[in-house]
Amino acid sequence: MSTVGVVMLVHTALERAAQVVRHWTAAGCPVVLHVDRNVDHRVFTRFRETLADDPLVRFSARHRCEWGTWGIVAASQSASEMMLAEFPGVHHVYLASGSCLPLRPIEELTDYLAARPRTDFIESATTADVPWIVGGLSHERFTLRFPFSWKRHRYLFDRYVELQRKLRFKRRIPQGLVPHMGSQWWCLTRQTLSAILEDPERPAYDAYFRKVWIPDESYFQTLARQYSGNIESRSLTLSKFDFQGKPHIFYDDHLQLLRRSDCFVARKIWPHAERLYQAFLTDPAGAMKRTEPNPGKIDRIFAKAVERRTRGRPGLYMQSRFPGHGSENGITSSLYSVFQGFSELFEDFETWLARTTGARVHGHIFAPEGAEFSEGQSLVNGCLKGSAKMRDYNPESFLTSLIWNTRGERQCFQFGPRDNQAVNWLVARDSNAQISVISGAWAVPLFKSNRNFTELRQEAARLQQIEAEQLKVLRSQWTKARVRIWSMAEFAEAPMEPLQTIIDEIGPLAARHLSEAPKMTDLEGFGQFLQNLKNQGMHPYLMGDFPVEQGSVSKQTPPRKPYLVR
Amino acid sequence: MASPAVPDLPPLGLTGAYKLRWKRRRLLWRSLRARRQLRKAANRTAQIPNDPILCFATVRNEMGRLPFYLEHYRRAGVSHFLFVDNASTDGTAAYLAAQPDVSLWHTGASYRGSRFGVDWLTWLQIRYGHGAWCLTADADEILTYPHADSRSLRDLTRWLDQQGAASFGAMMLDMYPKGALGTQASAPGADPFETLNWFDAGGYTWEYLDKFGQVSIRGGPRKRMFFRDSPDYAPHLHKVPLVRWNRRYAYVSSSHTVLPRHLNAVFDTRLNRPTGVLLHSKFLDEIVGKSAEEKQRRQHFTHTDRYDAYYDALIAGPDLWCENSVRYEGWRQLEQLGLMTRGSWQ
């Protein structure tokens, strides 16, 4: 007979439990079963009969087990007592549940424990040190009373806790006990376990823990600290909890993951996970691996899943991330650049930018006529449609979709006061946005156009007002985007330096110095145009000061020889 | 059992809540009356086992899709199918009546008059669905969900039970062929997604609708092709196809919306539920002929005249495919693209 005895608490999926029991006893491990009193008597009798032929199986006295209550501890106590009394050869007692599944050959566990004859494996930490209490009570579970069931009478439970807090009610923790908590699945030596069970103080301890909340996570964990000479504070049973504190369930598709964990036992296993039971219970013992359990591998995968679940992928909007304005994990998924006034001031800005940086350069994607995607496409990745109606139905989602669906490729687009302004706040709040604005450059197309002056004047006033509003947003304290604003006069005076900065920012592909500059449009007469606007009573100010006697800027074409910026 | 996970929805106020309650009662009353339009053709409901997953659908001339539909959902773990046949002429009724796990009712009454078949189905759900997990999926809707290749629908519903969740949401994904509609024949009974294996991976928009506490999804090829000038009329793509039913529940408009309101909170990020995708095989080659017929019958959509142009466009056999379309590869791809999520069902 093996030196490891298994105490198993079962309440559902009894056929699966029976299968696992057979697996343990086949390796010589005695098993004491505790079947929840809530299980129907006939079902219990039938279950008992199926295992009647096995000399290594016993059934302990039955208690009613409800989550978070004393019943589970009482069940472990009765079953452990029976184990120690009936199987004197047992050295270590392993507490398991019906949904626990041994992942490695039992002999490996037996050998592992035989090599550590004095070690108790029980996760046990003081309440101040544990991060895993999710939305529950920590130290208070030892100092308050909990007469109401959390599952069935949540309202009374909460009110009673509040009342006790208000009255500053505190229970006294028995002399000498330091509350510890940990996973309820332990493996204790006969010495420690019998010391706990045969302690003359036990009635007092039991009476105390009976009213502690979730005693199954603290009874043995606390008392083991009293008697054990050698505690390894970890559970040999692999169990995971999701971020809401519910136990994670393993399915067939976790087979490889569980294999790689090298853990001895895992829970909870889905009772219908046929392949898992098949693989772990019927595999031949195989080569002994002699490796330390390594739940770390699984931990990393789970941490990632939880992170993704709670934070989402940056910049991905989908139906299951609603509602959540402001709680986005990043407004967009990757860096992008917004240019305002550049394609007005330079004749070939878009093609030049695409050539220099290798980025995807769109025109005005928020233009009132519809999105001007790069190379005149009407659709981009993700089947995003550029029609004005569809875009303006939800412009913010249009932009975030564009950035998400083209991830991996740097996006640049033009913007201006003629365009739909609905995305201004979104872009300003977005730390992925790099916005470069030449303010007042919207006047250039007006200046070049052949329209009546009254019309021009009205349009200029409108555009100036819109741009002024937008600049206010960009300069607000909530702006997280990288914003650069030049007045048109300032930019036209010395264009190379700002262009170099912008290009450097776009990334490694362009990490070199400019060999050619975009061609600036001819501004001969622009100063006079502005003066005319002024004479008509409009006050164009966003472009800065252009002398009426224009000359200095326009004479610069062909472009100046680029100079190096070191 | 875990505690019931009831989300905090935006408050409706007493009046709002009361109005919805009466709306639900009105719908239930309609369905109660609609039962008289149904004629029993094959009733095998005595075979329904304990704790079943039931599948409900109204069908009309669906011989092309039903064999695959039945096969798919049987494999996924549906225990029994309950169909209403709305005057099919292609042998659908005889085919269904011969299936061992199908119960069938006939009706010649108006599809539109019964709220697009919902009244009939609600009656069947009152009668047979109480307490069971009920899947409501049209013949052209094939449900896929996270881990669909290794876990059954039953695994999903048991997990939902454990979480105290009573409903499961899905997004409809319009699948289309490469090439003009109506040119690529799909063998009757074959997997429709062998020909309809393309979809739009992005370009969807979402809106939170307070009244029913739901997230509305719109987009896809239909919006892109036929509703580009009237995005407001584009079809909604969110659905609540799987519900642990109660005889007091009622679908409001097809399976998009269900009452009571908390059942609609299937996409709520705070609840962390998995969500699925309903692969929509609407655009099989027969769509062209069917559209011509439907345009005449005027049995679909609440505002039929808005959709004349839509039918005309479909009759012309357009090509929905574009170079940014994505080829369907399975549930992992849909999860990767953010069209569905496994939530905390890892």
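Further up the page is the structure itself.
About the criteria used
- Residues numbered from 1 in each chain as written.
- Chains lettered and ligands numbered in written order.
- Predicted model: local features only at pLDDT ≥ 70, side-chain atom pairs only at ≥ 80, totals over all residues.
- Heavy atoms only, no water.
- Core = buried A, V, L, I, M, F, W, Y, C linked by side-chain atoms within 4.5 Å.
- Buried < 20%, exposed > 50% of the residue type's maximum accessible area, 1.4 Å probe, protein only.
- Helix = DSSP H or I, 4+ residues; strand = E, 2+ residues; numbered from the N terminus.
- Contact = heavy atoms within 4.5 Å.
- Buried area = accessible area lost by both parts, 1.4 Å probe.
- Salt bridge = Lys/Arg side-chain N within 4 Å of Asp/Glu carboxyl O.
- Polar contact = N/O pair within 3.5 Å; in protein donor to acceptor, adjacent residues only side chain to side chain.
- Phe/Tyr/Trp six-rings, centres within 6.5 Å; stacked < 30°, edge-to-face > 60°.
- Lys NZ or Arg CZ within 6 Å of the ring centre and 35° of its normal.
- 1 Å grid on protein atoms, 1.4 Å probe; cavity = no way out; pocket = protein on both sides within 12 Å on 5 of 7 lines; lining within 4 Å.
- Points joined across faces, edges and corners; volume = space filled by probe spheres on them.
- Nonpolar A, V, L, I, M, F, W, Y, C, P; charged D, E, K, R; others polar.

A. Local environment of the nonpolar core. All names here are of chain B. Core analysis: the biggest nonpolar cluster contains 159 residues, and Tyr 69 and Phe 83 have the highest contact counts within it. The element best represented in this core is helix α4 (residues 118-129), accounting for seven residues. Ignoring any residue separated from it by four or fewer positions in sequence, one finds Tyr 69 in contact with Cys 55, Phe 56, Ala 57, Phe 81, Phe 83, Ala 137, Asp 138, Ala 139, Glu 141 and Ile 142.

B. View of the interface of chain B and chain A. Facing 53 residues of chain B, the contacting portion of chain A comprises 45 residues. For the pair chain B and chain A, the summed buried surface comes to about 4200 Å²; carbon and sulfur atoms form 52% of the total. On the chain B side of the contact with chain A, B:Trp206, B:Asn324 and B:Gln346 bury the most area, a combined 16% of that side's loss. Across the contact surface, chain B and chain A share one salt bridge. Here B:Arg151 makes a salt bridge to A:Asp253, at a shortest N to O gap of 2.7 Å. Our count for the contact surface shared by chain B and chain A stands at eleven residue pairs in polar contact (both at pLDDT 80 or more).

C. Quick look at the packing of aromatic side chains. Going through the model one piece at a time under the given rule, you end up with 53 aromatic pairs over all chains. Judged by centre distance (5.6 Å) and plane angle (75°), the rings of A:Phe366 and A:Phe398 are edge-to-face. Of the two residues, A:Phe366 sits in the loop between β14 (360-364) and β15 (379-380) while A:Phe398 sits in helix α16 (residues 395-405), which places them 32 residues apart along the sequence. One aromatic cluster is present, built from ring pairs that chain together A:Phe339, A:Phe342, A:Phe346, A:Phe349, A:Trp352, A:Trp486 and A:Phe491. The side chain of B:Arg25 reaches across the aromatic face of B:Trp22, ending 5.0 Å from its centre.

D. Broad picture of empty space enclosed by the protein. Under the definition given, this model contains ten cavities of 30 Å³ or more. Roughly 150 Å³ of internal volume is contained in the second largest cavity. Looking at the second largest cavity, it is lined by 17 residues, and the ones nearest its centre are A:Leu384, A:Met390, B:Gly203, B:Thr205 and B:Lys223. Secondary-structure elements contributing two or more residues to the lining of the second largest cavity are β16 (384-385), α15 (388-393) and α16 of chain A together with α6 (220-226) of chain B. Of the residues belonging to the lining of the second largest cavity, the class tally is five nonpolar, seven polar and five charged.

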